[in-house]
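Single-letter residue listing:
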Amino acid sequence: MGENSAHNPEIEDEDLKQYLLNRIAALESKNMQYKEQVRQLDIEKKNIENQKIRYEREIRKLKSEVEKLRSPPLVIGTVSDIIDEQRVIVQSSAGPRFMVRVSNFVRPEDIKPGLRCTMNQQSLTVVEVLQEAFDSQIYGMEVVDSPEETYDDIGGLEEQIREIKEAVELPLIRPELFRSVGILPPKGVLLYGPPGTGKTLLARAVAHETQAHFLRVVGSELVQKYIGEGSRLVRELFEMAKKNVPSIIFIDEIDAIGAMRSESTTSGDREVQRTLMQLLADMDGFENRGDVKIVAATNRIDILDQALLRPGRFDRIIEIPLPNVEGRRSILEIHSANMALDAGVDLHEVAELTDSKNGSELRAICTEAGMFAIRAERTKVYQSDFIKAIDKVTLDLAHHPKCSPYDSAMFA
Ligand SMILES: Nc1ncnc2c1ncn2[C@@H]1O[C@H](COP(=O)(O)OP(=O)(O)OP(=O)(O)O)[C@@H](O)[C@H]1O
């Protein structure tokens, strides 16, 4: 019987069925467990994603805070003592000593007594430790070995070129002439006139022709960007120029430094002015061998301090006016020299139609004329393109007089 049942296929089926049912139940319960695990992991994943979003938001906030802290104006000071990782005593370059906080973005090990640092003007938080060596890049100065512009790139300023040649070029390339005649070499010129008329261009061209280093600094930046540092910067600039002779220091917007004393001028501004006057005065005398020249430029000679205009400060004061019709024609010729002009183009007519436009705008008119030709799928530029370009530039200037796309700074 037992033997029979052992071999009874029905009983075997029953066992197998039971086994499979058990197996299914076990697997189902496992499945339930896994499902639960997946659910848990899903919740965890969502939590992590939320956290990621929160962190990203925080990073963005912190980044914008860093930007805010780093944006000028910055105050510069020297670390005189370290209190702890987050607080230091700093002597600001304007004089007073402060106990200030160090921002989290400065590594504590980078801060050492004697090092110079920049601080946010409002919170006076230390935001950056400056390298010890003077770095012109930090201060946004432009230092060029020798600019590429030549006198041929300048239209309509023949008389001014002649004057600057005498006052800047001659003492740089023939200093012995002055010595033998027994006169002090001129030390510099002041260029004045409306914006975009070629003052910077002229200064760069003299540096090119004399193979002089060209050091450019912008007056408004000296007094506004690094508060209290301006006079040190002016001194460093002169030092740098002396080390790299022959050199031309170009001080753009000198009116920002040398404006008439008014209520709004701060003691820092006056300090910059005094330093500049001092350095200009020091350039007289026999130790000046004539190999550092100053070219300053302003759009506002009317607000310039008389002290800067006195004889002995600048040897020549040269007006750079808006170009007349001949000047405009020659500027147009310069800027269209590489353009494929149709035989019918009459630049004299364009010059006549552009009364009161400056060099920078005339250059823009040439570019816009080229754009009209491209838009019409032509390779030659027609007179009609120039006429349309004059209208466009005039209209753009009327709409955005303050931030004109033809601002000389955009093309500099
Ligand atoms: N006389 C000119 N001849 C040829 N191009 C000129 C002339 N004047 C201006 N330009 C063009 O306009 C650009 C801007 O001129 P530039 O920067 O020299 O003017 P600026 O008088 O120094 O102006 P700002 O007073 O605004 O600094 C030049 O790079 C040049 O392309």
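Being a predicted model, the structure only gives us computed values, none of them experimental. Every residue gets a number counted from 1 within its own chain, in the order that chain's sequence is written. Local features in a predicted model are, by the rule used here, given only for residues with pLDDT of at least 70; side-chain atom pairs are given and counted only at 80 or more, and totals for whole chains, interfaces and linings are based on all residues. Just so you know, side-chain values use all the structure's heavy atoms and leave hydrogens and water out.

1. What to know about the overall build of the protein
(1) Moving on: Secondary structure elements follow DSSP: runs of H or I of four or more residues count as helices, runs of E of two or more count as strands, with numbering from the N terminus. Each helix and strand in the protein was counted, giving 15 helices and twelve strands.
(2) Moving on: Only heavy atoms matter for contacts: two residues are in contact if any of them lie within 4.5 Å across the pair. In the protein, once contacts between residues fewer than 6 apart in sequence are set aside, the share between residues at least 24 apart is 71%.

2. Section: a nonpolar patch on the surface
(1) Moving on: Patch rule: a residue counts if its relative accessible area is over 30% and it has no salt bridge; like charges are joined within 9 Å, and nonpolar side chains (Val, Leu, Ile, Met, Phe, Trp, Tyr) within 5 Å. Areas reported here follow the Shrake-Rupley algorithm with a probe of radius 1.4 Å; residue values treat only the protein chains shown as occluding. The salt bridge definition used is simple: a Lys or Arg side-chain nitrogen within 4 Å of an Asp or Glu carboxyl oxygen. A contiguous nonpolar patch, built from Leu16, Tyr19 and Leu20 and spanning about 310 Å² of accessible area, is present on the exposed surface.
(2) Moving on: With respect to the secondary-structure elements, Leu20 resides in helix H2 (residues 9–70).
(3) Moving on: Given the relative accessible area of 42%, Leu20 is considered partly exposed. Relative accessible area decides the class of each residue, using a 1.4 Å probe on protein chains only: under 20% of the type maximum gives buried, over 50% gives exposed, and in between gives partly exposed.

3. A word on the nonpolar core
(1) Moving on: Core analysis: the largest hydrophobic core is formed by 27 residues, its most contacted members being Ile249, Ile251, Ile254, Leu276 and Phe314.
(2) Moving on: No other element matches the six residues that helix H7 (residues 230–243) contributes to this core.
(3) Moving on: Sequence-distant contacts of Ile249, that is, excluding residues within four places in its chain, are made with Leu215, Leu237, Phe238, Ala241, Val292, Lys293, Ile294 and Val295.
(4) Moving on: Residues belong to one nonpolar core when they are buried, are Ala, Val, Leu, Ile, Met, Phe, Trp, Tyr or Cys, and are joined through side-chain atoms within 4.5 Å. In terms of nonpolar packing, the next biggest core, distinct from the first, is built from 24 residues, Ile161, Val189, Ala203 and Ile248 among them.

4. Examining the packing of helix H13 (residues 359–375) against helix H14 (residues 383–399)
When two helices pack together, their arrangement is given by the angle between their axes and by how far apart the axes lie.
(1) Moving on: Between the N-to-C directions of two axes lies an angle of 0 to 180 degrees, each axis being a line fitted to C-alpha atoms and, for a helix, fitted only over the stretch in contact. Between H13 and H14, the least distance of the axes is 8 Å, while the angle of their chain directions is 125°. Between H13 and H14, the angle falls in the class oblique. Of the two elements, H13 crosses H14, and the hand of that crossing is right-handed. Seen from H13, the contacting residues are Glu361, Ala364, Ile365, Cys366, Glu368, Ala369, Phe372 and Ala373; seen from H14, they are Asp385, Phe386, Lys388, Ala389, Ile390, Lys392, Val393 and Leu397.
(2) Moving on: Class assignment of the residues belonging to the contact of H13 with H14 gives a composition of eleven nonpolar, no polar and five charged. Should an angle lie under 35 degrees it is considered roughly parallel, over 145 roughly antiparallel, and from 65 to 115 roughly perpendicular; all remaining angles are considered oblique. Working rule for handedness: look at the near helix, and if it is turned counterclockwise from the far one by less than a right angle, call the crossing left-handed; if clockwise, right-handed. The residue classification treats Ala, Val, Leu, Ile, Met, Phe, Trp, Tyr, Cys and Pro as nonpolar and Asp, Glu, Lys and Arg as charged. All others, Gly included, are polar.

5. As for helix H5 (residues 199–209)
(1) Moving on: Within the span of H5, buried status applies to Lys199, Leu202, Ala203, Arg204, Ala205, Val206 and Ala207.
(2) Moving on: Of the residues flanking the end of H5, it is Gln211, one or two places downstream, whose phi is positive at about 50°.

6. Notes on the environment of Ile387
(1) Moving on: Within the fold, Ile387 resides in helix H14.
(2) Moving on: By relative accessible area, Ile387 is classed as partly exposed at 31%.
(3) Moving on: For the pair Ile387 and Ala369, spaced 18 residues apart in sequence, the C-alpha separation works out to 7.9 Å.

7. So, the pairing of strand E2 (residues 87–92)
(1) Moving on: Looking at chain direction, strand E1 (residues 74–84) and E2 are connected through six bridges and run antiparallel. Across the sheet, Ile82 pairs through a bridge with Val88, a residue of E2.
(2) Moving on: At least two bridges found by DSSP between two strands is the condition for calling them paired. Linkage of E1 to E2, two consecutive antiparallel strands, is achieved through a turn of two residues.

8. So, the pattern of salt bridges
Two side chains with opposite charge may pair up if their charged atoms get near one another.
(1) Moving on: Inspection of the entire model under this criterion finds 19 salt bridges.
(2) Moving on: Its salt-bridge partner being Lys392, residue Asp396 comes within 2.9 Å of it at the nearest N-O pair. Highlighted residues: Asp396 and Lys392, both in helix H14, separated by four residues, approximately one helical turn.
(3) Moving on: Here Asp396 falls in the buried class, since its relative accessible area comes to 16%.
(4) Moving on: What emerges from the salt-bridge pattern is a single network uniting Glu159, Arg162, Glu163, Glu166 and Arg316.

9. With respect to the UniProt feature "binding site: ATP" (unreviewed entry) in the protein
(1) Moving on: UniProt positions are given in the numbering used here, feature names are shortened, and annotations may be inferred rather than shown by experiment. Cross-referencing UniProt, the feature "binding site: ATP" (unreviewed entry) maps to Gly196, Thr197, Gly198, Lys199, Thr200, Leu201 and His335 in the present numbering.
(2) Moving on: Counting through the fold element by element, Gly198 comes out in the loop between strand E7 (188–192) and H5.
(3) Moving on: Here His335 is to be found in helix H11 (residues 325–335).
(4) Moving on: Relative accessible area serves as the criterion here: at 30%, His335 is assigned to the partly exposed category.
(5) Moving on: Apart from residues no more than four positions distant in its own chain, His335 is found in contact with Arg363 and Cys366.

10. Considering the packing of aromatic side chains
(1) Moving on: Side-chain rings of Phe, Tyr and Trp, where Trp is taken by its six-membered ring, are said to pair if the distance between their centres is within 6.5 Å; with planes under 30 degrees apart they count as stacked, over 60 as edge-to-face, and otherwise as tilted. One pass over the full model with this rule turns up one aromatic pair.
(2) Moving on: The criterion for a charge sitting over a ring is simple: Lys NZ or Arg CZ within 6 Å of the ring centre, and within 35 degrees of the ring normal. Above the ring of Tyr382, the side-chain terminus of Arg378 is found at 4.1 Å from the ring centroid.

11. Considering the environment of Leu190
(1) Moving on: Looking at the secondary structure, you find Leu190 in strand E7.
(2) Moving on: A sequence separation of 111 residues divides Leu190 from Ile301, and the C-alpha atoms of the two residues are 9.5 Å apart.
(3) Moving on: Not counting the four nearest positions on each side in its chain, Leu190 is found in contact with Ile254, Ala296, Ala297, Thr298, Ile301, Leu304, Leu309, Phe314, Arg316, Ile317 and Ile318.

12. Details of the environment of Ala296
(1) Moving on: Along the chain, Ala296 turns up in strand E11 (residues 292–298).
(2) Moving on: Taking the C-alpha atoms as reference points, Ala296 and Phe250, 46 residues apart in sequence, are found 5.6 Å from one another.

13. Let's talk about a negative patch on the surface
(1) Moving on: Taken together, the side chains of Glu10, Glu12, Asp13, Glu14 and Asp15 define an acidic patch exposed on the protein surface.
(2) Moving on: Here Asp13 is to be found in helix H2.
(3) Moving on: Residue classification places Asp13 among the exposed residues on the basis of a relative accessible area of 52%. For this count, His and the chain ends are skipped, Lys and Arg are scored as positive, and Asp and Glu as negative. In this description, the location of a charge corresponds to atom NZ of lysine, CZ of arginine, CG of aspartate or CD of glutamate.

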